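So the chains spell out like this:
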Amino acid sequence: MIEQGAMHPDIEQVLFTEEDIAAMVKRMGAEISRDYQGKDLVLIAVLRGAVVFMGDLMRSIDVPLAIDFMAVSSYGDKAKSSGVVRIVKDLDMDIKGRDVLIVEDILDSGLTLKYLMKNLSSRNPASIEVATFLWKDVEGKQAAINPKYVGTHCPDAFVVGYGLDFAERYRNLPYVGILKPEVYS
Ligand code: XMP
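Residues numbered from 1 in each chain as written. Predicted model: local features only at pLDDT ≥ 70, side-chain atom pairs only at ≥ 80, totals over all residues. Heavy atoms only, no water.

Heads up, the rule is: UniProt positions are given in the numbering used here, feature names are shortened, and annotations may be inferred rather than shown by experiment.
Looking at an unreviewed UniProt entry, one finds the protein named Hypoxanthine phosphoribosyltransferase, with Enorma massiliensis as its source organism. UniProt annotates the protein under Subcellular location (unreviewed entry) with the comment "Cytoplasm". What UniProt records for the protein under Sequence similarities (unreviewed entry) is the sentence "Belongs to the purine/pyrimidine phosphoribosyltransferase family."

## Considering the packing of aromatic side chains
Formally: Between 30 and 60 degrees the pair is tilted, below 30 it is stacked and above 60 it is edge-to-face, where a pair is any two Phe, Tyr or Trp rings, Trp via its six-membered ring, whose centres lie within 6.5 Å. Each helix is a run of DSSP H or I of at least 4 residues and each strand a run of E of at least 2, with the numbering of both proceeding from the N terminus. Three exposure classes are used, based on accessible area relative to the maximum for each residue type with a 1.4 Å probe and protein chains only: buried under 20%, partly exposed in between, and exposed over 50%.
Counted under the stated rule, the structure contains four aromatic pairs. Ring centres of Phe133 and Tyr162 lie 5.0 Å apart, and the angle between their planes is 55°; on these two criteria the pair is classed as tilted. Of this pair, Phe133 sits in strand β6 (residues 127–135) while Tyr162 sits in the loop between β8 (159–160) and β9 (176–179), and the two are 29 residues apart along the sequence. The pair Phe133 / Tyr162 is uniform in exposure class, with both members buried. Three or more aromatic residues link up through ring pairs in this structure, and these residues are Phe53, Phe133 and Tyr162.

## Side note on the nonpolar core
We count it as follows: Nonpolar core, defined: a set of buried Ala, Val, Leu, Ile, Met, Phe, Trp, Tyr and Cys residues in which side-chain atoms within 4.5 Å join the residues together.
Residues Ile32, Leu57, Phe133, Leu134 and Val176 are the most contacted members of the largest nonpolar core, which totals 30 residues. Those elements that place two or more of their residues in this core are β1 (11–16), α1 (18–35), β2 (41–47), α2 (51–59), β5 (99–107), β6 and β9. Examining the composition of this core, we find that five residues originate from one element, α1, more than from any other. Judged by nonpolar contacts, the second largest core, of 21 residues, contains Ile44, Val46, Met70 and Ile102.

## A few points about the sheet that holds β8
The test is simple: Note on pairing: DSSP must find at least two bridges between two strands before they are called paired. By the convention used here, residues are in contact when the closest approach between their heavy atoms is within 4.5 Å. For helices, the axis comes from a line fit to the C-alpha atoms of the stretch in contact; other axes are also lines fit to C-alpha atoms, and the angle between any two N-to-C directions lies between 0 and 180 degrees.
Across the sheet, which stays open at both edges, the three strands sit in the order β1-β9-β8 with antiparallel pairing between neighbours. Looking along the sheet, the strands with just one partner apiece sit at the ends: β1 and β8. Pairing of β8 with β9, which is carried by two bridges, proceeds in the antiparallel orientation. Residue pairing across strands places Val159 opposite Ile178, the latter belonging to β9. Set on the sheet, α1 makes contact with β1 and β9; between it and β1 the angle comes to about 30°.

Now the structure itself:
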């Protein structure tokens, strides 16, 4: 486990430590295991940010499951979703009649997930829900979708670590933190 003292020099503040994250993932795994007993669960992670969370979450679920991946690219500014999404890598498996759970790293406006849910729903799964590790729910800002499983809420700052990047860096940090403003300005 990384100590606070070993914090990356570009990080201003650690929001969630490795221990915090492990507890959240364990709780989410228990909720999902309870709800998906006897179902045909397929976890679908959105590349690349959700990879770390996916790896932990799937190991905390104790019902049979399959995994698959999608990659999407948002048009325009990466930090601000436009809701217009292009599928760069599609699923390898057929989800018709199966219980789909989309695994996301962070929900902000929810526009990316709204698009994905609509797209996946058209393939006739038995059910479709969302598990997001972080939810940036800010007062006065309504997300376009309502995730069924949430790790934790987080402030409206640009956060990195635990799969989340800035310019493809920091994904490997085992904690979630806020970047120092001088790093991106
Ligand atoms: P929407 O607004 O569609 O956006 O819910 C979700 C996607 O936006 C990216 N995103 C972030 N990535 N730190 C990141 O590394 C952040 O604080 C952040 N906020 C939004 C991310 O790609 C997510 O899937």
